[in-house]
Amino acid sequence: MAVDNIVYLIPALPVLAFVLTLAFGKKLPSGGGYIPILAIAISCIISVMAFLQIYNTGIPIEVSAHWFSVLNVGILIDPLASVMLMMVTFVSLLIHIYAIGYMAHDPGKPRYFAETALFTAAMLGVVLADNILQFFIAWELVGLCSYLLIGFWFRKPTAAAAAKKAFLTTRVGDVLFLAGIVILYSSMRDVFLERFPAGIPDGTYLLQFSTIFDNISHIDPTNLTIITLLFFGGAVGKSGQFPLHVWLPDAMEGPTTVSALIHAATMVTAGVYLVARTFPMFIASPAVELAGITIPATLTVVAYIGGFTALFASTMGLVMNDIKRVLAFSTISQLGYMMLALGMGSVIGVAAVGFAMFHLINHAFFKACLFLCAGSVIHSTGTNDLREMGGLMSKMKITGITMLFSSLALAGIGIPFLKIIGTPIGTSGFVSKDAIILEGSYVFANVTHDWIPFAFGVLAALLTAIYTFRLWFMAFTGKPRQERHPHESPATMTGVLSILAVFALVFGMLTFIPFNIFVGHTYDHHEIEELAGLAGNHVIGHDEILDIAHHASPIITLLPVIVGVGGLLLAWVIYNRRWISVASIGNMRNPLFKILAKRYYQHEIFIELISLKFTYGVLALAGEFSDRKIVDGIIDGISSFIIGGAEVLKKIQTGVVQNYATATVLGVGLIALILSLRWVI
Amino acid sequence: MVDYVLSLILFIPLIGAALTLLFTKSRESARMVAFVSSAISFVLTIMIYLQFEPGIAFLGFQFEEKIGWISSMGINYQLGVDGVSMPLILLNAILCPLTIVYAWGESKLPNQFFALILVLQAGVFGVFMSLDFFLFYIFWELTLIPLYFLISIWGGPNKDYAAIKFFIYTHVASLVMVLGIFALYFSTGVNTFEIPVLLEAFSDIVSAEMRVGIFLALFFGFLVKMPTVPFHTWLPDAHVEAPTAGSVLLAGVLLKMGGYGLFRVLLPMMDSLGPYRSSIITLMAVLAVVSILYATFLALAQKDLKKMVAYSSVAHMGYVMLGAAAFNYMSVSGAMFQQFSHGLITAVLFMSVGVIQHSVHTRIIPDLGGLADRMPKLAFLMMCGFMASLGLPAMSGFIAEFMVLTGSYLTLPVYALLAMVGIVATAGYHLWAMQRAMFGSYNEKLGEPHDLANFEMIPMAILVLLIILFGVYPGSVMEMFEHASKIIPGVMI
């Protein structure tokens, strides 16, 4: 089949674009920006071809080759990877086109386009990996590119600091992830050595997903839980989950298009994808006892961290005045929803992967749109500060409307109860978030009587609607509050915005059911049921999920929309009508406002206390002291002792033979004495 | 292939050194003669590298040469290569010509300078090729002399202290090693200094205490050379004062002699240590993890960029020790690869620091700032080097560290996990240094620096390409190491 032979081009073309743009970008129009656009466009077409093939045949595309030692390189395109591929290439393509206009006046264009091409390639590497090590490698390259792009304007000290913070914070997660891989290798090796005592046959790649998934039931359950928790640690770092989310709001220092790439197409979705990719391992991880401590089942941890993050981040989104920062917190919060959805897998099984991925894709469209709208606003007003904006609707109609559409999607506004051929009617954010809250966390609560994830989901939805429309009303309505005369952005930019806005509105409705069925085919349902059994869970079937969701009381069904519309109205009352004075709540005398505006003092804790005071001030400087004064002090001490001794010896060395003879006699006598004493004793 | 190809590779730099020292009048001719002779060695090395066959039995050497020398003592001039040494010989053959190119602008006593680099190269070749312990020791000591002079003549303000400290510290360690060699020679009673014969005879030594004593004496010699905490303090001092070319070769190939000793001599003895084996392994593992963590935090504390890089070398060599300690083929081949990879990476780092020193006359991190603005080429290559050094995948350091960590976890899980604690701090000091030295607004006090000259850029760019090449495709180098480590007696497969 033809597609199998060219799938390697999907990541290879953007890599080639990286090299070419870096080498020749300066001499080309638009800093060589058309090279990555062309490359990613072809990658996108191949991705669609791959999708069509596996959609028609139902057989995933697998290509693998020996790399070195016990490792392989390979490509795996199953339904999960396929939808991700199309999203990444398509959204990244749009963002690249937009960037031609957005970056037009930046002298660093060649470097910009080279790095974004590599960024896309790395993300595609994550998506296509057929083994966990290759996944990790591409994952790290994603981290590298985010470092380079967040620090793109490296002359700005804040940009350089934010880039470093992003890399180091995600690195904490990466180390956990790497530890997980190391332990997984050892566990898989044990499994295979038991089966093949004479030696593991050549061509068995212990880190390949297919090999791992076939042997999950043989892996020691305690190890499995530890491994998946460590993997999740990696996902927490990359996907900005609590407590490793601190880098993401600062990652705004790069160009807005970079933010759009990071938040929509690449990078942050990698963590969610990791959990979805290794979902069979997650679902099979039981709660275990380790050294007297009970470790909860991994998916429970995923659900709680995700739900908490969804709520926690949205509280901070309420008070930010930087337009991009509001969106950054919304990303953290929405990623929390995706994790929450995955965490529901212990009850709803593989449907959890479908819901999470569906929200991921929808989120990519509306978040890319939101960021690019924000970019359009910043481009024309020259400020990030919402307080300096206002009344932009009259000047920037397309930006205003597309941003409204994507805000409606983010807030999850739609029409409850109304379903046409089983598809709910509403913005794409509504369709996917509603599924997570009702068919995910409500069903979960109904089965397990644990209502906490559900509560996280609903509360976060309320806050999301408030901050989203706070942003929109502050920017686009009311009196203009700046001197400059804003203007609409060029057509390459507004065109991209319009495409994304259409997707933000209708993609959810059009694809909900086929999407979930298709992605559901990634894993075999019976196998997932059996694996869930290993963790002591009973997974309920698709029909049962729908059944429970349909029989929910109307209040429950309405709740997500009520909070969404309620939040919108609240924002309208405060920030548009201004019936309630913002200043009376939002000032530093209000302790609640203060703690939110200070972002729960995370900067003080993570940066100043842990990094600077402890790691540098205590560990590093104590090490420096011990090295210079103690370790090296001993060496210098020994040498000065010897030199001092030599000075003494120099005096003994008289050159008079008689003295030497005396000393020799004395020495021999002493030895004889010692020896005779030994005999006596 | 000529019969004495190893001798050719070994002696051409020595002849080149003599020519450079005695017959060149100008800087231009000195560096050209030096470059040509190291380049000939390089070409010959590539030729034997391509002919080399991995997978020959334990102690099976290729391209062997043997000439009787002091027959009463059983001392021969005997050379040969196997999978342990072949890639390291390649490393030495790559680094020296690149260092000579990098030092193209050296104006202080150029003929002596380049001659010393060639002597150093020959000494290191000799260590990696010798199959006779006596010869091994001679080459081992030979490497001290050129580096001593490189530091004490071309060094920084505190060069005398650093040079003497370097010389005496490593020389004392070598003497302990010599005691070990003689003890091995006399207690086996085979009346030869042939390394393969002595290694085979080691297990015949009756007294287990004697075997451990020999092992520890040799171990001490290698330990100081690598160096391993707490015997590392000569290294930062030497680096801080050494000229860039000296630092590149010190970190790039001289330290590798210590690790080479572990693989060549000590690991084959490991299986004969009897009841002491597990304590020795614990000792090695503790030293390794302490080196990794301690040196990493020290690197974080440094204000001098070069000293930071020096401590990072100590930490990276800790991985070599860890992989050796874990004593399974995955960890051992990873450790061997770490040696090879670190040689390439650290060279880029020292070259970057050297360019900064040369161009703005300081390398104290807080005094720098925003250099990327004026020196974009340097910033690019330095970033590549730093990323490689912090273990970014798709670069050679990651392959090595992954193999070491994964392998070590199989036999020494706690130590492997402890070593990983250092990974974040490693990224921390690299990026923090980058941020303060290279990014932010340009510090105008530094004047108008020039970006990389071509003779600086070319070697750095070649090294970066090699780092990426071996990171993406470890290929035959890894294959040689793997075969070499699989056949060590007693190693866990």
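Within each chain, residue numbers correspond to sequence positions counted from 1 in written order. Written order decides the labels, with chains lettered from A and ligands numbered from 1. Local features are withheld for residues below a pLDDT of 70 in this predicted model, meaning they are given only at 70 or higher, and side-chain atom pairs are given and counted only at 80 or more; totals for whole chains, interfaces and linings count all residues. Remark: hydrogens and water are excluded; side-chain values derive from all non-hydrogen atoms of the structure.

## Quick notes on the overall build of chain B
(1) Moving on: Put simply, DSSP H or I for four residues or longer makes a helix, DSSP E for two residues or longer makes a strand, and each gets a number counted from the N terminus. Check the secondary structure of chain B and you find 20 helices and two strands.
(2) Moving on: Throughout, radius of gyration means the C-alpha value; the globule benchmark is 2.2 Å times the number of residues raised to the power 0.38. A compact globule built from 493 residues would reach a C-alpha radius of gyration of about 23 Å, and chain B, at 21 Å, matches this within 12%.
(3) Moving on: Dimensions of chain B, computed from the C-alpha atoms along their principal axes, are close to 70 × 55 × 40 Å.
(4) Moving on: For chain B, the residues scored as buried account for 70% of the 493 residues in total.
(5) Moving on: The criterion used for residue contact is that any of the two residues' heavy atoms lie within 4.5 Å. By sequence separation, contacts in chain B at least 24 residues apart represent 80% of the contacts at least 6 residues apart.
(6) Moving on: Of the roughly 14,600 Å² of accessible surface on chain B, a fraction of 68% belongs to carbon and sulfur atoms.
(7) Moving on: Between the averaged position of the 21 positive side-chain charges in chain B and that of its 27 negative side-chain charges there is a distance of 9 Å. Burial here depends on accessible area, computed with a 1.4 Å probe over protein chains only, as a share of the maximum for the residue type. Under 20% is buried, over 50% is exposed, and the range in between is partly exposed. Shrake-Rupley sampling with a 1.4 Å probe provides the accessible areas, and residues are treated as covered by the protein chains on show and by no other component. Under the convention used here, Asp and Glu are negative, Lys and Arg are positive, and both His and the chain ends fall outside the count. Just so you know, the charge point we use is NZ for Lys, CZ for Arg, CG for Asp and CD for Glu.

## Here we look at the interface of chain B and chain A
(1) Moving on: Taken together, the contact between chain B and chain A spans 58 residues of the former and 48 residues of the latter.
(2) Moving on: Here chain B meets chain A over a buried area of about 4,500 Å², counting both sides, of which 71% is carbon and sulfur.
(3) Moving on: The working definition used for a salt bridge is a side-chain nitrogen of Lys or Arg within 4 Å of a carboxyl oxygen of Asp or Glu. Applying the counting criterion to the chain B and chain A interface returns three salt bridges.
(4) Moving on: Distance and chemistry together define a polar contact, namely a pair of N or O atoms within 3.5 Å, with one atom able to donate a hydrogen and the other to accept it when in protein, and with adjacent residues in sequence counting only for side-chain atoms on both sides. Here chain B is connected to chain A by 16 residue pairs in polar contact (both at pLDDT 80 or more).
(5) Moving on: Split by residue class, the side of chain B that touches chain A holds 42 nonpolar, ten polar and six charged. A simple way to read buried area is as the amount of 1.4 Å-probe accessible surface that goes missing from two parts once joined, with both sides added. Polarity classes work like this: nonpolar for Ala, Val, Leu, Ile, Met, Phe, Trp, Tyr, Cys and Pro, charged for Asp, Glu, Lys and Arg, and polar for all others, with Gly in that last group.

## Overview of unusual backbone geometry
(1) Moving on: In this model, Phe 242 of chain A is joined to Pro 243 of chain A through a cis peptide bond whose omega is 0 degrees.
(2) Moving on: The topology assignment puts Pro 243 of chain A in the loop between helix H9 (221–238) and helix H10 (247–250).
(3) Moving on: Residue Pro 227 of chain B follows Met 226 of chain B across a cis peptide bond; omega there is -15 degrees.
(4) Moving on: Residues other than glycine seldom take positive phi values, yet Ser 69 of chain A does so here, at roughly 50 degrees.
(5) Moving on: Relative to the helices and strands, Ser 69 of chain A resides in the loop between strand E1 (61–68) and strand E2 (71–77).
(6) Moving on: Of the residues examined, Ser 69 of chain A reaches a relative accessible area of 13% and is grouped as buried.

## Observations regarding the domain arrangement of chain A
(1) Moving on: Segmentation of chain A into domains returns domain 1 (1–277), domain 2 (296–591) and domain 3 (606–680).
(2) Moving on: Domain borders in the structure are assigned automatically or taken from a domain database. Distance between the C-alpha centres of domain 1 of chain A and domain 3 of chain A: 55 Å.

## Some details on a nonpolar patch on the surface
Residues and elements named next belong to chain A.
(1) Moving on: Distance thresholds for patches are 9 Å for like charges and 5 Å for nonpolar side chains (Val, Leu, Ile, Met, Phe, Trp, Tyr), applied to residues having over 30% relative accessible area and no salt bridge. Among the surface-exposed residues, Leu 592, Ile 595, Tyr 601, Ile 605, Leu 609 and Ile 610 lie close enough to one another that they form a single nonpolar patch of about 510 Å² accessible area.
(2) Moving on: Elements with a minimum of two residues in the nonpolar patch: helix H26 (591–597) and helix H27 (602–652).
(3) Moving on: A per-element tally of the nonpolar patch places H27 first, with three residues.
(4) Moving on: Residue position: Leu 609 is located in helix H27.
(5) Moving on: Taking relative accessible area as the criterion, Leu 609 reaches 48% and is therefore assigned partly exposed.

## Brief notes about the side chain of Ser 285 of chain A
Residues and elements named next belong to chain A.
(1) Moving on: Its location among the elements puts Ser 285 in the loop between helix H13 (279–283) and strand E3 (288–290).
(2) Moving on: With relative accessibility at 2%, the residue Ser 285 sits in the buried group.
(3) Moving on: Within polar-contact distance, the side chain of Ser 285 engages the backbone oxygen of Met 281 at 2.8 Å.
(4) Moving on: Leaving out residues up to four positions away in the same chain, Ser 285 has contacts with Leu 224, Thr 225, Thr 228, Ala 297, Thr 298 and Ala 535.

## What about helix H3 (residues 86–102) of chain B?
(1) Moving on: Spanning 17 residues, H3 of chain B covers 25 Å between terminal C-alpha atoms, matching the ideal 24 Å at 1.5 Å per step.
(2) Moving on: Within H3 of chain B, 17 of the 17 residues are buried, which leaves the element mostly enclosed by the surrounding structure. To estimate the expected span of a helix, count its residues, drop one, and scale the result by 1.5 Å.

## Digging into helix H1 (residues 5–23) of chain B
Note: α-helices contain 3.6 residues per turn, so residues at a spacing of three or four share the same orientation.
Residues and elements named next belong to chain B.
(1) Moving on: For H1, spanning 19 residues, the distance from its first C-alpha to its last is 26 Å, which sits close to the expected 27 Å at 1.5 Å a residue.
(2) Moving on: For a residue, the bend is simply the angle between two axes, fitted respectively to the seven-residue segment ending there and the seven-residue segment starting there. Along its length, H1 reaches its greatest deviation from straightness, about 30 degrees, at Phe 11, and the proline Pro 13 lies no more than four positions downstream.
(3) Moving on: Along its buried surface, H1 packs onto helix H2 (27–51), strand E1 (62–70), strand E2 (75–81), helix H4 (110–129) and helix H5 (133–142).

## Quick notes on the pairing of E2 of chain A
Residue and element names in this part refer to chain A.
(1) Moving on: Burial analysis of E2 places six of its seven residues in the buried class, the great majority of the element.
(2) Moving on: Between any two strands, pairing holds if DSSP finds at least two bridges. With seven bridges joining them, E1 and E2 adopt antiparallel strand pairing. Residue pairing for E2: His 66 is matched across the bridge by Asn 72.
(3) Moving on: Taken together, E1 and the strand that follows it, E2, pair antiparallel across an intervening segment of two residues, in which Ser 69 is found at a positive phi of about 50 degrees.

## Observations concerning the pattern of salt bridges
(1) Moving on: Counting across every chain of the model gives 18 salt bridges over all chains.
(2) Moving on: Residue Lys 156 of chain A pairs with Glu 253 of chain A through a salt bridge whose shortest N-O separation is 3.2 Å. Of this pair, Lys 156 of chain A sits in the loop between helix H6 (132–150) and helix H7 (157–195) while Glu 253 of chain A is found in the loop between H10 and helix H11 (256–265), placing the two residues 97 residues apart along the sequence.
(3) Moving on: Assessed through its relative accessible area of 34%, Lys 156 of chain A is described here as partly exposed.
(4) Moving on: On the basis of relative accessible area, Glu 253 of chain A is assigned to the buried category, the value being 18%.
(5) Moving on: The salt bridge partner of Asp 82 of chain B is Arg 264 of chain B, with a shortest N-O separation of 2.6 Å. In this pair, Asp 82 of chain B is assigned in the loop between E2 and H3 and Arg 264 of chain B in helix H11 (residues 244–270), connecting sequence segments 182 residues apart.

## Examining a negative patch on the surface
Residue and element names in this part refer to chain A.
(1) Moving on: On the surface, Asp 214, Asp 524, Glu 527, Glu 529 and Glu 530 cluster together into a patch of negative charge.
(2) Moving on: In terms of residues, the negative patch owes the most to one element, helix H22 (residues 525–534), which gives three residues.
(3) Moving on: A relative accessible area of 40% places Glu 529 in the partly exposed class.

## Things to note about the packing of helix H15 (residues 323–343) of chain A against helix H20 (residues 452–476) of chain A
All names here are of chain A.
(1) Moving on: What counts as an axis is a line fitted to C-alpha atoms, over the stretch in contact for a helix, and the angles between N-to-C directions run from 0 to 180 degrees. Two numbers describe how H15 lies on H20: the axes approach to 11 Å, and their chain directions differ by 160 degrees. Comparing the axis directions of H15 and H20 gives the class roughly antiparallel. Every pair of crossing elements has a handedness; the one defined by H15 and H20 is left-handed. Contact residues: Ile 323, Val 326, Leu 327, Ser 330, Ser 333, Gln 334, Tyr 337 and Leu 340 in H15; Pro 453, Gly 457, Ala 460, Ala 461, Thr 464, Tyr 467, Arg 470 and Leu 471 in H20. Working definition: roughly parallel below 35 degrees, roughly antiparallel above 145 degrees, roughly perpendicular at 65 to 115 degrees, and oblique for all remaining angles. Helix crossings fall into two classes, left-handed where the near helix is turned counterclockwise from the far one by less than a right angle and right-handed where it is turned clockwise.

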